[in-house]
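Summary of structural features
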Amino acid sequence: MLLGLSGQAFSSTVAVGTDPACQPSLVHFASIQLAVNSIPAGSTIKICPGNYPEQVVINKKLTLLGIPNATQDAVVILPPVGGVLVNTTDLRGPVAAQVLVQNTVGPVLISNLTVDGKGNQYSGDDLRGICYQDASGIVNHVAVRNEIPNDIPTGDQSGQGILVETTNSASANLTVENSSVHNYNKNGIVARYAGANLIATGNYVQGSGPIDVIAQNGIELAFSGATGSIKNNTVIDNFYTPNTSSSSDILLYDAKENGSIVVSGNTLGNSNVAISLFTSTTGTYGDGVSVTSNKIFGTSTFDGIDVCTNGNIITGNTIFNSSESGIHLDASCTGTGTGNNISGNTILESACAGILADPGTSTVGANIFYTVPFPVTSSTSSCSLPSSPARAKTAPKFKP
């Protein structure tokens, strides 16, 4: 039975789709939003293959599960025919999210579907694929793509793939795993603001670089103490060509101070900087991060790992072919790049330094260097660097 009008469903598991052969024993709804509105918290929505041109707002504990039917297995949420509309706000302003999970009690689980922003007809800030706002849950085996305002890359800080944030609550916890995020305008997977916690594991995130329109970032923890762990992801192509700011595959920007944040086991490449630990408020945010066992290749402008915070553990990383240095102990955030444990890293082929330690910073421990002009130096002035934009040595270099 296909329900075209809102009403209470008496089953805790329902289906969405127009094919009566898909889950014939379940109550069917014509749209995802109608199913969300009509069922009690704790229910499961099985979404049959097909295109769903709608914005979905969820404010209760639910499971959204894309399912196969016959030979098909593609559930795609697209913008409505008239384009996406603003459906919430945050500290930065209006937000148009294709899937908005907001103020939930209990987790919202989303699995095996695609959110595609193509045809969004939206030119404001901020377009998002999936947004968890003051809510928690798991996003697993999901693809998010084409989150570009009005389908035209822009310098506006709009266009996030998957984002979790706090606005009026103390916490929001999101796990993103085994998912694909690509062709975003600004950022791939993001956590913002104090109390936001992101666990990003086993994802594939690809920027549009080299690009001269906007500085993109792959996975990001930003602003006022966001926290989490970033493990075993593959992130590439976050590469901004002008010298006004830099892109990063993984960016921690004013992340939680001594928050047990771990960046481990990731494969990163073809970026301005692969991993950036950055603060605009020294001693308040960003210190005490563990960066271990990452494989980094082809940092195209600056460094494999830029450390503009203090008291971090940087160990067991393998860094190939960096444009300036493998690891930069960066003093440009004022009094930063100190107290770090830099040991057990293998650095092969950097254009200048294995470790670039700005004056006033220090290195600790033994590292392995191959084919680098200077294993450790405090200046790139003695090196013949590849032709590239001049490094902006003053903060901020990054735009989260």
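Residues numbered from 1 in each chain as written. Predicted model: local features only at pLDDT ≥ 70, side-chain atom pairs only at ≥ 80, totals over all residues. Heavy atoms only, no water.

Each helix and strand counted, the protein chain has one helix and 39 strands in total. The C-alpha radius of gyration computed for the protein chain amounts to 22 Å, which stays within 12% of the reference 21 Å derived for 400 residues, consistent with globular compactness. Structurally, the protein chain occupies a C-alpha span of about 75 × 35 × 35 Å along its principal axes. With 400 residues in all, the protein chain has 56% of them scored as buried. Looking at the protein chain alone, contacts between residues at least 24 apart form 71% of all its contacts between residues at least 6 apart. On the protein chain, roughly 14,200 Å² of surface is accessible, and the fraction owed to carbon and sulfur atoms is 54%. Between the mean site of the 16 positive side-chain charges and the mean site of the 26 negative ones, the protein chain shows a separation of 4 Å. (Helix = DSSP H or I, 4+ residues; strand = E, 2+ residues; numbered from the N terminus. Rg over C-alpha atoms; globule rule 2.2 N^0.38 Å. Buried < 20%, exposed > 50% of the residue type's maximum accessible area, 1.4 Å probe, protein only. Contact = heavy atoms within 4.5 Å. Areas by Shrake-Rupley, 256 points an atom, 1.4 Å probe, with all protein chains shown as cover. Lys, Arg positive; Asp, Glu negative; His and termini not counted. Charge placed at Lys NZ, Arg CZ, Asp CG, Glu CD.)

Each regular strand carries side chains that alternate between the two faces of the sheet. Burial analysis of strand β25 (residues 248–253) places six of its six residues in the buried class, the great majority of the element. Bridge analysis of strand β22 (residues 217–222) against β25 gives five bridges, and the strand direction is parallel. In the sheet register, Ala222 faces β25, and the bridge partner there is Tyr253. Of the pairings in the sheet, the one linking β25 to strand β28 (residues 273–278) comprises five bridges and is parallel in character. Its bridge partner being in β28, Leu251 is matched across the sheet by Ser276. (Pairing = 2+ DSSP bridges.)

Overall, parallel pairing links the twelve strands, which are arranged β5-β8-β12-β15-β18-β21-β24-β27-β30-β33-β36-β38 in an open sheet. One side of each edge strand has no neighbouring strand; the edge strands of this open sheet are β5 (50–53) and β38 (368–370). On average, each strand axis in the sheet is tilted by 10 degrees relative to the strand beside it, whichever way the strands run. Alignment of strand β36 (residues 346–350) against β38, held across three bridges, turns out to be parallel. Residue pairing for β38: Thr346 is matched across the bridge by Ile368. (Axes fitted to C-alpha atoms, helices over the stretch in contact; angles between N-to-C directions.)

Inspection of every chain in the model, using the stated rule, returns two disulfides. There is a disulfide in this structure between Cys22 and Cys48, and the S-S distance comes to 2.0 Å. Measuring the twist about the S-S bond at about -95 degrees, one finds the Cys22-Cys48 disulfide to be left-handed. Taken together, the residues span a long stretch of sequence, with Cys22 in the loop between β2 (13–16) and β3 (28–29) and Cys48 in the loop between β4 (43–47) and β5 at a distance of 26 residues. On the accessibility criterion, Cys22 (1% relative accessible area) is buried. Look at Cys48 and you get buried, because its relative accessible area is 2%. Between Cys308 and Cys333 runs a disulfide, and the two sulfur atoms are separated by 2.1 Å. Handedness here is read from the sign of the S-S torsion; for Cys308 and Cys333, about 120 degrees, the answer is right-handed. One end of the pair, Cys308, is in strand β31 (residues 303–308); the other, Cys333, is in the loop between β34 (325–329) and β35 (341–343), and 25 residues separate them in sequence. Assessed through its relative accessible area of 5%, Cys333 is described here as buried. (Disulfide = S-S within 2.5 Å.)

A word on the side chain of Gln133. Relative to the helices and strands, Gln133 is located in strand β13 (residues 127–133). In terms of polar contacts, Gln133 uses its side chain to reach the side chain of Glu165, at 2.8 Å. (Polar contact = N/O pair within 3.5 Å; in protein donor to acceptor, adjacent residues only side chain to side chain.)

Side-chain pairs of opposite charge can arise where the charged atoms are in close proximity. By the definition in use, this model includes four salt bridges. The partner of Asp126 in a salt bridge is Arg128, with the nearest N and O atoms 3.1 Å apart. One exposure class covers both Asp126 and Arg128, and it is buried. Within the structure, one salt-bridge network assembled from shared partners comprises Asp90, Asp126, Arg128 and Glu165. (Salt bridge = Lys/Arg side-chain N within 4 Å of Asp/Glu carboxyl O.)

Per the counting criterion, the structure on display carries three aromatic pairs. Each ring, one from Phe223 and one from Tyr253, has its centre 5.9 Å from the other, and the planes form 65 degrees; the classification is edge-to-face. Within this pair, whereas Phe223 is found in the loop between β22 and β23 (227–231), its partner Tyr253 is found in strand β25, the two being separated by 30 residues in sequence. For the pair shown, Phe223 and Tyr253 are each scored as buried. Relative to Phe278, the ring of Tyr253 lies with its centre 5.1 Å away and its plane at 25 degrees, an arrangement referred to as stacked. Here Tyr253, found in strand β25, pairs with Phe278, found in strand β28; they are 25 residues apart in sequence, far enough to count as distant. Take Tyr253 and Phe278: they sit in the same class, and that class is buried. Counting every residue linked through ring pairs, the aromatic cluster contains Tyr193, Phe223, Tyr253 and Phe278. (Phe/Tyr/Trp six-rings, centres within 6.5 Å; stacked < 30°, edge-to-face > 60°.)

The linkage connecting Asp125 with the following residue, Asp126, adopts the cis geometry, with an omega of 15 degrees. Checked against the element boundaries, Asp126 lands in the loop between β12 (114–116) and β13. Its identity as a non-glycine residue notwithstanding, Asn103 has a phi of 50 degrees, on the positive side. Here Asn103 is to be found in the loop between β10 (93–102) and β11 (108–111). A positive phi angle is found at Asp151, which is not glycine, with a value near 65 degrees. Following the sequence through the fold, Asp151 ends up in the loop between β15 (143–145) and β16 (160–165). Asp151 sits in the partly exposed class, given a relative accessible area of 31%.

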